[in-house]
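Read off the chains here:
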Amino acid sequence: MKLVIIGGGIAAVYFANSILAKDESCEIVMLSNENYPPYDRVYLCNLIDEKDNPDSISLELNSQVNLQLSQIIQSIDKKKKIVYTNSEFYNYDKLVIATGSTPVSFLDTSIKNVAVFRSISDCEKIKQYYHTNEIVIVGSGPIALELLETLNDIDYIKSITLLVRNKYLYSKYLSQNAVNIIQKILLKNKKLNISYEDEIDIENCLIEDNEIKLLKTKKLNIKNPFVIFGIGIEPNVKLFEKFINTDKGILVNEYMQSSDENIYAIGECAQVEKFDFIAGHVKECTTQSNVAISHILQNDIKKYDLEVTVDMLKTKGFELVEISSPAFSKKFEKIVIESVINNRIDEYFIKDDVLVKFLGLNSNMDTAYIEELVLNKKNVDINYLYENRELGKKGRLICACEHTYQQDLVDLVVSCQINSFAQLKDFSKTGRVCGRCKNDVVKVIESSQHLINNSIPKKTSEEVKRENEIAQARKRIDKFKRLHPKNKLDENNLEAALKMVDIAKNEVNSWISMVTADMKLHPAFQEVVEDGVKNLNKIPIIWLELSDCSGNSEAFIKSANPAIEDLIFDYISLDYHELLMTASGDFSETILEDIIKNNKNEYILIVEGAVPLAMDGKYLRIGPKGQTGLELLQNCAKDAALVLAVGSCAFDGGVVSAIPNPTGAVGVSQALNRDDIINLPGCPTNPVNIVGTLLSYMMFEELPLLDKFNRPLWAYEQRVHDNCERRGHYELGEFVEQWGDEGAKNGWCLFQMGCKGPFANVNCPTMKFNQGTSWPVQAGHGCMGCTEAKFFDKFANERVYVQEKEEKN
């Protein structure tokens, strides 16, 4: 695949490196309008005070990328898929625009003593003029304040004026006390003057020989100034207005695809039309890159969704952290916790008891906790926030993007024997997301070297990664450890039940090991899996039964000869199960309504059975209100945190939708017209596969890897035929020819009797049923391929299946 990337910033480089990591066969040309190879704009201040040079702030770019500098885009031929520049033309299969943004300026930057602050060329111009002219910085946001700190520290700059259009610094949402603290720190250097509620009077400025001789503002007259604008940015899209749809930015869908299906836009130049959103942070740009890559490669396709934004401004005098919800608006109440002694102010913006924004000046708050509060829309506990306002054992926050505190980084450096920032890359992204904290990270690494003991074996990057995953899983489970109000069971109940039916601890451990291994987790996760199992009853679960034979419910709740999974399933918080609660009548409907109303985005919906759509769904009516199955499903699925389609009927209609399908039965995903339903097909589904999927959600707050049918790979990746105990007989040509013959008595291969094992994917041969006792083939019947699409019409017979050509392809 030929890819052309227009742009040479962080988004462009991240995209190029990431797509090559997934598919190294891609041919990539990167067109940049700059004279320098891609560099990190975060470190531009270091060029002004000459701590760095252009080479030292360059971004790491995969050597396979064909980088072309000084390329000005002239036109795009969408039909022929060609990009024309000032010197060449480039063919593409997919075009990715990552041109970022341009700085806003109220004066023409071609004027000798007017500049913006966005590129290496801008830095060179600033260095050329700041020796002789009085510096005027226009703006008070993060860009202006970073530049101000740098210029403030250069001795031969004698005077700096900061022009602020309003009354605040950094953000209009920052409290006046916080503004006063920042102002006091900035004004320690006597060369600075801050002029609030002031702006340039453009019409009355004196400009001669392409140079400002007199700068007039509402309040000041400044002779021979050097004016630097740091007032903001806007999407760099002017070049593309003739070729694709634009507004403020290039209009894209949730896959970052423009009005032309072969042209994508990512980063600050893209405007996601659904949300009317333009990225302003590195994390958002990288997320958009990942979304575009998934769509271009058609692999594990993702949609872009709004994220919680995290930003941090670090200066010598203060640190400022900002965490904001995409739902933040002007309607809020503010709670401020202030320490005058420590110049620390924590500002919490609350709407409907939910945190929507946080501004922390010299804050000690755990940013990961704050981000989680905003993300999960949990009610704010002010007492907790107050009690945790002091500096903790982990020390000061180093990296807001990765939530890394000083002691976290020290421990990592010591245990992994890290001696440089470059070496840290294999273990953590700290200092590499937005880059603002890189200098602090380097200092911590250098200051921790004396703590390293080379006689102790160092941890590998794989071990660190696994430890982080386990820590996240533990943290996730801790959220569920509060008892679900409708379920008063606890861990002791489960332990007592296991003893009552004489299930020994070693049997439990063996079962835990089996589940851990089958989920393809490292053995180190066994403790976390066990903890997760003991807390499964803390998740509210609704189980709907639509058109089916109740086979999955029976497999799920069977009580004869209790085994471990039986007790686990009794223990799970089935708040509502239609089959079990039939005798409760109207009362069960009240419970259902209560769960949906009071546990929005918290409960899990498990659906068993097909959904009839013929005659407007009237083939299936449920409950006292006579709702159709489709109506009930839609009502329950709308606010569910996760929807599992359990069994073949819920997967794609199964037996119920077999030809001629008079009821128009379909699977859950098709009925809801959603592509995020997790399918666990089977007739019935192995109960352990349900437990594993629930555990995966509980431990990782994300879904396991899925195949093209949205089936968890850990349970449905392996082919039945490859793990079958009769596979050896297949290789030797030893087949059962008819029921009861010598081959049947000797356990030979059942392929000639219609076994569909070569065409079915599921873990039946390794997981088996009834606590690993047996499975159909072991019991003497061929596999029916019940986990595959339309299995009843295709596979449910005793004939040898001949694969059609289109299936092979």
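Residues numbered from 1 in each chain as written. Predicted model: local features only at pLDDT ≥ 70, side-chain atom pairs only at ≥ 80, totals over all residues. Heavy atoms only, no water.

Asks: Can you break down the overall build of the protein residue by residue, with the values?
Replies: The secondary structure content of the protein amounts to 31 helices and 37 strands. By principal-axis analysis of the C-alpha atoms, the protein measures approximately 105 × 65 × 65 Å. Put simply, the protein has 809 residues, and 52% of those count as buried. Carbon together with sulfur atoms contributes 48% to the accessible area of the protein, which is approximately 38,000 Å² in total. Within the protein, the 114 negative side-chain charges are centred at a point lying 4 Å from the centre of the 91 positive side-chain charges. (Helix = DSSP H or I, 4+ residues; strand = E, 2+ residues; numbered from the N terminus. Buried < 20%, exposed > 50% of the residue type's maximum accessible area, 1.4 Å probe, protein only. Areas by Shrake-Rupley, 256 points an atom, 1.4 Å probe, with all protein chains shown as cover. Lys, Arg positive; Asp, Glu negative; His and termini not counted. Charge placed at Lys NZ, Arg CZ, Asp CG, Glu CD.)

Asks: Give a description of the packing of helix α12 (residues 461-480) against helix α23 (residues 687-700) that names residues and reports values.
Replies: To characterise two packed helices, one gives the angle between the axes of the helices and the distance between these axes. Direction vectors running N to C along α12 and α23 enclose 100°, while the axes themselves pass 6 Å from each other. Between α12 and α23, the angle falls in the class roughly perpendicular. Residues Glu 469, Gln 472, Ala 473, Arg 476, Ile 477 and Phe 480 of α12 touch α23, and the partners they reach there are Tyr 697, Met 698, Met 699 and Phe 700. Here the contact of α12 with α23 is composed, by residue class, of seven nonpolar, one polar and two charged. (Axes fitted to C-alpha atoms, helices over the stretch in contact; angles between N-to-C directions. Parallel < 35°, antiparallel > 145°, perpendicular 65-115°, else oblique. Contact = heavy atoms within 4.5 Å. Nonpolar A, V, L, I, M, F, W, Y, C, P; charged D, E, K, R; others polar.)

Asks: Give a detailed account of the environment of Lys 79, specifying residues and quantitative values.
Replies: Inspection of the secondary structure assignment puts Lys 79 in the loop between β4 (73-77) and β5 (82-85). A relative accessible area of 82% places Lys 79 in the exposed class. Spatially, the C-alpha atom of Lys 79 lies 61 Å from that of Lys 393, the residues being 314 residues apart in sequence.

Asks: An account of the pattern of salt bridges is requested, with residue identities and associated values reported.
Replies: Applying the stated criterion to the full structure yields 29 salt bridges. Among the ionic pairs, Glu 199 bridges to Lys 218, the shortest N-O distance being 3.1 Å. Note that Glu 199 is positioned in the loop between β12 (192-195) and β13 (206-208) and Lys 218 in the loop between β14 (211-216) and β15 (221-223), a separation of 19 residues in sequence. We classify Glu 199 as partly exposed; its relative accessible area is 25%. (Salt bridge = Lys/Arg side-chain N within 4 Å of Asp/Glu carboxyl O.)

Asks: Tell me about the pairing of strand β26 (residues 354-361), and name the residues and values.
Replies: Counting buried residues along β26, eight of its eight residues qualify, which places the element largely inside the surrounding structure. Relative to β26, strand β25 (residues 344-351) runs antiparallel, the two being bridged by seven bridges. Looking at the pairing, Phe 349 lines up with Lys 357 of β26. From the end of β25 to the start of β26, which pair antiparallel, there are two residues, and Asp 352 there has a positive phi angle of about 55°. (Pairing = 2+ DSSP bridges.)

Asks: Explain unusual backbone geometry to me, using residue names and the numbers behind them.
Replies: For the bond running from Ile 659 to Pro 660, omega is 15°, close enough to zero to count as cis. Looking at the element boundaries, Pro 660 is found in the loop between α21 (648-652) and β36 (665-666). Note that the residue after Cys 683, namely Pro 684, is joined by a cis bond; omega there is 5°. A positive phi is found at Lys 768, a non-glycine position, where the angle reads about 60°. Residue position: Lys 768 is located in the loop between α28 (764-767) and α29 (776-779).

Asks: Please set out the sheet that holds strand β18 (residues 250-252) residue by residue, giving values where relevant.
Replies: Reading across the sheet, the three strands line up as β18-β20-β21 and stay open at both edges, with mixed pairing between neighbours. This sheet does not close on itself; its edge strands, each paired only once, are β18 and β21 (277-278). With three bridges connecting them, β18 and strand β20 (residues 270-272) associate as parallel partners. Directly across from Ile 250, in β20, lies its bridge partner Ala 270.

Asks: Any chance you could break down a nonpolar patch on the surface for me, citing the residues and the numbers?
Replies: On the surface, Phe 106, Ile 202 and Ile 231 cluster together to form a nonpolar patch covering roughly 250 Å² of accessible area. Tracing the chain through its elements places Ile 202 in the loop between β12 and β13. You can call Ile 202 partly exposed: its relative accessible area is 41%. (Patch = residues over 30% accessible without salt bridge, like charges linked within 9 Å, V, L, I, M, F, W, Y side chains within 5 Å.)

Asks: An account of the packing of aromatic side chains is requested, with residue identities and associated values reported.
Replies: Applying the stated criterion to the full structure yields 20 aromatic pairs. Relative to Phe 89, the ring of Tyr 84 lies with its centre 6.1 Å away and its plane at 40°, an arrangement referred to as tilted. Here Tyr 84 falls in the partly exposed class, since its relative accessible area comes to 30%. On the accessibility criterion, Phe 89 (43% relative accessible area) is partly exposed. Ring geometry for Tyr 173 versus Phe 332: centroids 6.0 Å apart, planes at 70°, classification edge-to-face. Of this pair, Tyr 173 sits in the loop between β11 (160-163) and α5 (176-186) while Phe 332 is found in the loop between β23 (319-324) and β24 (333-339), placing the two residues 159 residues apart along the sequence. Feature note: the residues Tyr 173, Phe 328, Phe 332 and Phe 349 constitute an aromatic cluster, connected by ring pairs. (Phe/Tyr/Trp six-rings, centres within 6.5 Å; stacked < 30°, edge-to-face > 60°.)

Asks: Let's hear about the sheet that holds β5: which residues, and what values?
Replies: Consider a sheet: its strands pair through backbone hydrogen bonds, and that pairing is either parallel or antiparallel. The strand order β4-β5-β6 describes an open sheet built from three strands, whose pairing is antiparallel. The sheet is open, and its two edges are formed by β4 and β6 (89-91), each paired on a single side. Pairwise comparison of adjacent strand axes, ignoring direction, gives a mean angle of 15° for this sheet. Bridging between β5 and β6 involves three bridges; their strand directions are antiparallel. By the bridge assignment for β6, Val 83 is matched with Tyr 90.

Asks: Would you mind going over helix α1 (residues 10-22) in detail, with residue names and values included?
Replies: An ideal rise of 1.5 Å per residue puts 18 Å on 13 residues; α1 measures up with 18 Å between its terminal C-alpha atoms. Among the residues of α1, Ala 11, Ala 12, Val 13, Phe 15, Ala 16, Ser 18, Ile 19 and Leu 20 are the ones counted as buried. Buried-residue contacts for α1 involve β1 (2-6), β2 (27-31), β7 (94-97) and α6 (282-297). (Expected span 1.5 Å × (residues − 1).)

Asks: Hey, could you go over the environment of Ile 28 for me, with residue numbers and the actual values?
Replies: By secondary structure assignment, the location of Ile 28 is in strand β2. Contact partners of Ile 28, with chain neighbours within four places excluded, come to Leu 3, Ile 5, Ala 16, Ile 19, Leu 20, Gln 64, Val 65 and Asn 66.

Asks: Residues and numbers for the side chain of Glu 322, please.
Replies: As for its position among the elements, Glu 322 is in strand β23. Polar contacts involving the side chain of Glu 322 include one to the side chain of Tyr 170, which spans 2.7 Å. Among the polar contacts listed, one links the side chain of Glu 322 to the side chain of Lys 357, at a separation of 2.6 Å. The contacts of Glu 322, once residues within four sequence positions are left out, are Tyr 170, Thr 309, Val 310, Asp 311, Lys 357, Phe 358 and Leu 359. (Polar contact = N/O pair within 3.5 Å; in protein donor to acceptor, adjacent residues only side chain to side chain.)

Asks: Got a sec to walk through helix α9 (residues 406-416)? Specific residues and values, please.
Replies: For α9, the set of buried residues is Leu 409, Val 410, Leu 412, Val 413 and Cys 416. Down the axis of α9, the sector holding all buried residues measures 165°, keeping them to one side. Close packing links the buried residues of α9 with β27 (397-399), β28 (404-405), α10 (421-424), α11 (438-447) and α12. Downstream of α9 by one or two residues, Gln 417 has phi in the positive range, about 55°. (Arc of directions from axis to C-beta.)

Asks: Give a description of the pairing of strand β31 (residues 604-608) that names residues and reports values.
Replies: Of all five residues making up β31, five are buried, and the element is well covered by its neighbours. What you see with β31 is no split at all: Ile 604, Ile 606 and Glu 608 on one side and Leu 605 and Val 607 on the other are buried throughout. Both strand β29 (residues 541-545) and β31 contribute to a ladder of five bridges, which runs parallel. Residue pairing across strands places Ile 542 opposite Leu 605, the latter belonging to β31.

Asks: I'd like a rundown of the side chain of Gln 257, residues and numbers included.
Replies: Relative to the helices and strands, Gln 257 resides in the loop between β18 and β19 (263-265). Apart from residues no more than four positions distant in its own chain, Gln 257 is found in contact with Leu 251, Val 252, Ile 263, Tyr 264 and His 295.

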